[in-house]
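Survey of secondary and tertiary structure
Here's the letter readout for the chains.
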Amino acid sequence: MGARPPRRRAPSAAAAAAAAAPGPLGALLAAALLAAAGAQQSATVANPASGASPDLLPHFQLEPEDVYIVKNKAVSLACRATPATQIYFKCNGEWVHQGDHVTQHSTDRNTGLPVMEVRIEVTRQQVEKIFGLEEYWCQCVAWSSSGTTKSQKAFVRIAYLRKNFEQEPTAREVSIEQGIVLPCRPPEGIPPAEVEWLRNEELVDPALDANIYVTPEHSLVLRQARLADTANYTCVAKNIVARRRSSSAAIIVYVDGAWSEWSKWSECGAECTHWRSRECSEPAPRNGGRDCHGPELDTRNCTSELCTHAVPGTEDVALYVGLVAVAVCLVLLLLVGVLVYCRKKGGLDADVADSSILTAGFQPVSIKPSKADNPSLLTIQPDLSTTTMTYQGSLCPRQDGPAKLQLPNGHLLTPLGAGRHTLHHSSPSTEGADFVARLSTQSYFRSLPRGTNNMAYGTFNFLGGRLMIPNTGISLLIPPDAIPRGKIYEVYLTLHKQEEVRLPLAGCQTLLSPIVSCGPPGVLLTRPAILAMGHCVETNAENWSIRLKKQSCEGTWEDVLQLGAEPCTELYYCQLEAQACYVFTEQLGRFALVGESLSMAASKRLKLALFAPATCPSLEYNIRVYCLSDTQDVLKEVIQLEKQLGGQLIGAPRVLHFKDSYHNLRLSIHDMPSSLWKSKLLASYQEIPFYHIWSGLQPFLHCTFTLERLSTSTCELACKIWVWQVEGDGQSFTVNFNIAKDTRFSDWLVPDNEVATPALVGPSAFKIPFLIRQKIISSLDPPGTRGADWRTLAQKLNLDSHLSFFASKPSPTAMILNLWEARHFPNGNLSQLAAAVADVGKQDGALFAVSEAEC
């Protein structure tokens, strides 16, 4: 039988009172008084009393362990001890309040001794209070009749993982069998990040490939580069908080050519010479490796007994030399004539003549008239300059006229009659020519395309409306009451091509959006209209200075707003989102978004798209790689161009982040079956100069890879196309399809899913019904007694960063609802807006008391 615990004397009244004290303080006082009461109770924290069995000291079955706080989620610490009468947590030297403990009692089935388990929760706020002073730790203290026992310390840390890598892998071109080291220093984090590597988005496992290993410093090492190692390599860092990816590094493994052995000497010929040959095939150059240096053919005389040849006289020698010279001249003249003829007939050939022109031949694609019998139609760059007409006129009123434009006298602004208002809606198909003709009699703008693809226009009054250019992301919202009552305006919205409008850029400036005109300029608006357009900037306040530019009456471009800074005027404001910007303007005109990079980390979004002919009647086949600004209008223009060329999309477009690092963009083609296809590109890669892309004045550029199939029966094409910025981001396209009948890629073309009508007038242009809109405005504009006003609505719609702008307008609620309409038309979810308004109304039950008539 086990030893029985020694009998104890009953505690004194003072000890009992101390034990009744709340929290661990009462337990400590009770232990101290009992220790002083008699020898039987003389156990201390460190040493139990003599005669007391050490088995009666508490021992921990479960001790608290180190934990990490992820985001704002509290963590739980637990400990369990037996036998124990009290267990309390102590954190950073201070006792945790008794009410914060969750206690559970049970009995050990084997020993029959009492078991006590205690849990507490630790929040991020508790840890942050001592952040920077020391680490936050907690431990358990357990009491029994024989003494106390302390658990191990458990440290509580806030987990995080920073965004930026301390060192990222860089692109390299290496010779075969050369060693490669790709460094990677992951972002700082707690707990430290684990690192893994991806090769073309597939996990690299060193256990499966003896040629690869990862160093303790997380660098990826390829002991001997192989052709199969040509790929995009990405370093991935992850911990319990997040997963970060580095920029992809393109590794190209090339092979320099080497000569084979010389063949045996041939028999001695009639000219008393014999020869031998060799080939550049051991190995043959690949992936841009150097060709072999030296001659393929070696000849020498064999004038010994092997042949007998009479030496001709000097007159015969002179005759032979003259004949040879004449023949050579005729051949050269014939070759020159053939080349000139081919150039004239073929137009601009897509083949690259030599690598020296690779950096100077990329201009915006345009359509030029081609000959009907030209088989290389798809390699000709077309020119659209003959398809548009422009009207030349003054941009603003004459200088000798009145200081302000007298709007009431113009026919565009005829006041409404006293009776009912009738809305006239201009139709582009029936009234386009008449509208442009009337605009040409005014002096509102200098050039306006007569086509309707990139233009919308309509007639509006005080009820407002909306203009849209389909599939471009460009729209103009005219809110209710923006046009004074009694006025009717004919308003237009135009998307300009960059070559039509001169926008001067200086230094590191770049065009980030399309150039858009809305007008006519000078019309009177009592509330801001909202111009929506896409942009291609990766927004980061530390890397960019972004400005809104507007063209003045004199034709010069002026900065009217700097994003992120205090506006110098209340006429303009801009809400910049991930892929679009919304410009509040009380003066119509011509606008563009321009950015200036502040560091080499600044980047723009480019969209890469591959097109190829839908049919291939000849042996040649062209793959065109477009580099576009990542906005909807540019992609729409390229797709329209390719439809005219008879091209089809052969892969999903991809996004590439192009940095302001002054490095060019390179394009190359790889892994093409040499037995079926060959490339006519003479260099290892093509290159687009940095500034051609960075300026943004050429919205799309392209390179052509001209391939030649060895047989007309070859229809399957499989290869890889690499596009990467030197020491920057890169993308890889895997091409694998049948050039004769594969059309599955047409699903990636931009669908015509936007509203077919480019002009919507009155209530049909808005998601929010007019009466409900007015009720919301009248209810939320006045300050609420419980904060139930427009500020709360802005907060619930994540627009609270613009409170100062909203507050500067007569109706802040109207500004919020107008921005919601501009952002969410036509597919906005009214239920979400209704939920946000309802939440505001809950703070004041009588806020939205709508009568039956108003419903």
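Every value quoted in this text rests on a predicted model; they were computed, and no experiment measured them.

1. Topic: the overall build of the chain
Counting secondary structure elements, the chain contains 12 helices and 45 strands. Summarising the internal contacts of the chain: among those between residues at least 6 apart in sequence, 69% fall at separations of at least 24. By element, 53% of the accessible surface of the chain is carried by carbon and sulfur atoms, the whole surface being about 44700 Å².

2. Side note on a nonpolar patch on the surface
There is a patch of nonpolar side chains on the surface, built from Val324, Val328, Val331, Leu332 and Leu335 and spanning about 450 Å² of accessible area. As for its position among the elements, valine 331 is in helix α4 (residues 314-346).

3. A closer look at the pairing of strand β32 (residues 572-576)
Burial within β32 is extensive, with four of its five residues counted as buried. As paired elements, β32 and strand β33 (residues 580-585) share five bridges and run antiparallel to each other. Across the sheet, residue tyrosine 573 finds its bridge partner in β33, namely phenylalanine 584.

4. Some thoughts on the sheet that holds strand β1 (residues 59-62)
The four strands are arranged β1-β3-β7-β6 in an open sheet whose pairing can be described as antiparallel. Edge positions in the sheet fall to β1 and β6 (102-107), since each of these pairs with one other strand and no more. Across the sheet, the axes of successive neighbouring strands diverge by a mean angle of 25°, strand direction being ignored. As defined by bridge partners, β1 adjoins strand β3 (residues 75-82) across three bridges and the pair is classed as antiparallel. Opposite phenylalanine 60, over in β3, you have alanine 81 as the bridge partner.

5. Remarks on the sheet that holds strand β17 (residues 220-222)
Sheet architecture is open: three strands sit in the order β12-β17-β16, paired in antiparallel fashion. The two strands at the open ends of the sheet, each matched to only one other strand, are β12 (180-182) and β16 (212-214). Within the sheet, the average angular offset between the axes of one strand and its neighbour, ignoring direction, is 15°. Bridge count for β12 against β17 is three bridges, and the pairing is antiparallel. Across the sheet, the residue bridging to valine 181 is valine 221, located in β17.

6. Observations concerning the state of the cysteines
Under the criterion given, the structure shown has five disulfides. Bridging cysteine 280 to cysteine 292, the disulfide has an S-S length of 2.0 Å. What sets the handedness of the cysteine 280 and cysteine 292 disulfide is the S-S torsion sign, and at about 80° it is right-handed. With cysteine 280 in the loop between β21 (273-277) and β22 (297-301) and cysteine 292 in the loop between β21 and β22, the pair connects residues that are 12 residues apart, well separated along the chain.

7. Some points on the confidence of the model for the chain
Overall, the predicted model of the chain reaches an average pLDDT of 76, with 75% of residues at or above 70. When mean pLDDT is compared element by element in the chain, strand β29 (residues 529-534) scores highest at 95, while helix α1 (residues 13-19) scores lowest at 37. Residue range residues 1-53 is modelled with pLDDT below 50. Its contacts to residues more than four positions away, or to other chains, number 49 contacts. Predicted confidence for residues 347-451 stays below pLDDT 50, and this span has 176 contacts to residues more than four positions away or in other chains.

8. Quick look at the pattern of salt bridges
By the definition in use, this model includes 29 salt bridges. A salt bridge links aspartate 630 to lysine 607; its shortest N-O distance comes to 3.3 Å. Here lysine 607 lies in strand β35 (residues 603-613) and aspartate 630 lies in the loop between β36 (620-629) and α6 (632-645), a separation of 23 residues in the sequence. Taking the shortest distance from any N to any O, the salt bridge between glutamate 687 and arginine 666 comes out at 3.0 Å. With a gap of 21 residues between them, glutamate 687 in strand β41 (residues 686-688) and arginine 666 in strand β39 (residues 665-670) connect regions that are remote in the sequence. For the pair formed by glutamate 687 and arginine 666, the shared burial category is buried. Here the salt bridges do not stand alone but share partners, grouping Arg199, Asp209, Arg226 and Asp229 into one network.

9. Here's the deal with empty space enclosed by the protein
Throughout the structure, instances matching the rule amount to seven cavities of 30 Å³ or more. As a volume, the largest cavity reaches approximately 60 Å³. Lining the largest cavity are Gln498, Leu511, Leu512, Ser513, Pro514, Cys536, Ser629, Thr631, Asp633, Val634, Gly696 and Pro699. Here the lining of the largest cavity is composed, by residue class, of six nonpolar, five polar and one charged. Its boundaries defined by the atoms lining it, the second largest cavity holds a volume of some 50 Å³. Lining the second largest cavity, in full, are Leu606, Cys627, Leu628, Ser629, His692, Ile693, Gly696, Gln698, Pro699 and Leu701. Counting residues per element, the ones that place at least two in the lining of the second largest cavity are β36 and α7 (690-694).

10. Some thoughts on the packing of aromatic side chains
For the structure shown, the criterion picks out 15 aromatic pairs. Centre to centre, the rings of tryptophan 95 and tryptophan 143 are 5.9 Å apart; their planes meet at 35°, and the pair counts as tilted. Note that tryptophan 95 is positioned in strand β5 (residues 94-95) and tryptophan 143 in strand β8 (residues 136-144), a separation of 48 residues in sequence. Judged by its relative accessible area of 31%, tryptophan 95 is partly exposed. With centroids separated by 5.6 Å and ring planes inclined at 20°, the aromatic side chains of phenylalanine 658 and phenylalanine 690 adopt a geometry described as stacked.

11. Let's talk about the environment of asparagine 461
If you trace the backbone, asparagine 461 turns up in the loop between β23 (455-460) and β24 (465-469). A relative accessible area of 2% places asparagine 461 in the buried class. Asparagine 461 sits 25 residues away from glycine 486 along the chain, and the two C-alpha atoms are 7.6 Å apart.

Conventions we followed
Residues numbered from 1 in each chain as written. Predicted model: local features only at pLDDT ≥ 70, side-chain atom pairs only at ≥ 80, totals over all residues. Heavy atoms only, no water. Helix = DSSP H or I, 4+ residues; strand = E, 2+ residues; numbered from the N terminus. Contact = heavy atoms within 4.5 Å. Areas by Shrake-Rupley, 256 points an atom, 1.4 Å probe, with all protein chains shown as cover. Patch = residues over 30% accessible without salt bridge, like charges linked within 9 Å, V, L, I, M, F, W, Y side chains within 5 Å. Salt bridge = Lys/Arg side-chain N within 4 Å of Asp/Glu carboxyl O. Buried < 20%, exposed > 50% of the residue type's maximum accessible area, 1.4 Å probe, protein only. Pairing = 2+ DSSP bridges. Axes fitted to C-alpha atoms, helices over the stretch in contact; angles between N-to-C directions. Disulfide = S-S within 2.5 Å. pLDDT = per-residue confidence, 0-100. 1 Å grid on protein atoms, 1.4 Å probe; cavity = no way out; pocket = protein on both sides within 12 Å on 5 of 7 lines; lining within 4 Å. Points joined across faces, edges and corners; volume = space filled by probe spheres on them. Nonpolar A, V, L, I, M, F, W, Y, C, P; charged D, E, K, R; others polar. Phe/Tyr/Trp six-rings, centres within 6.5 Å; stacked < 30°, edge-to-face > 60°.

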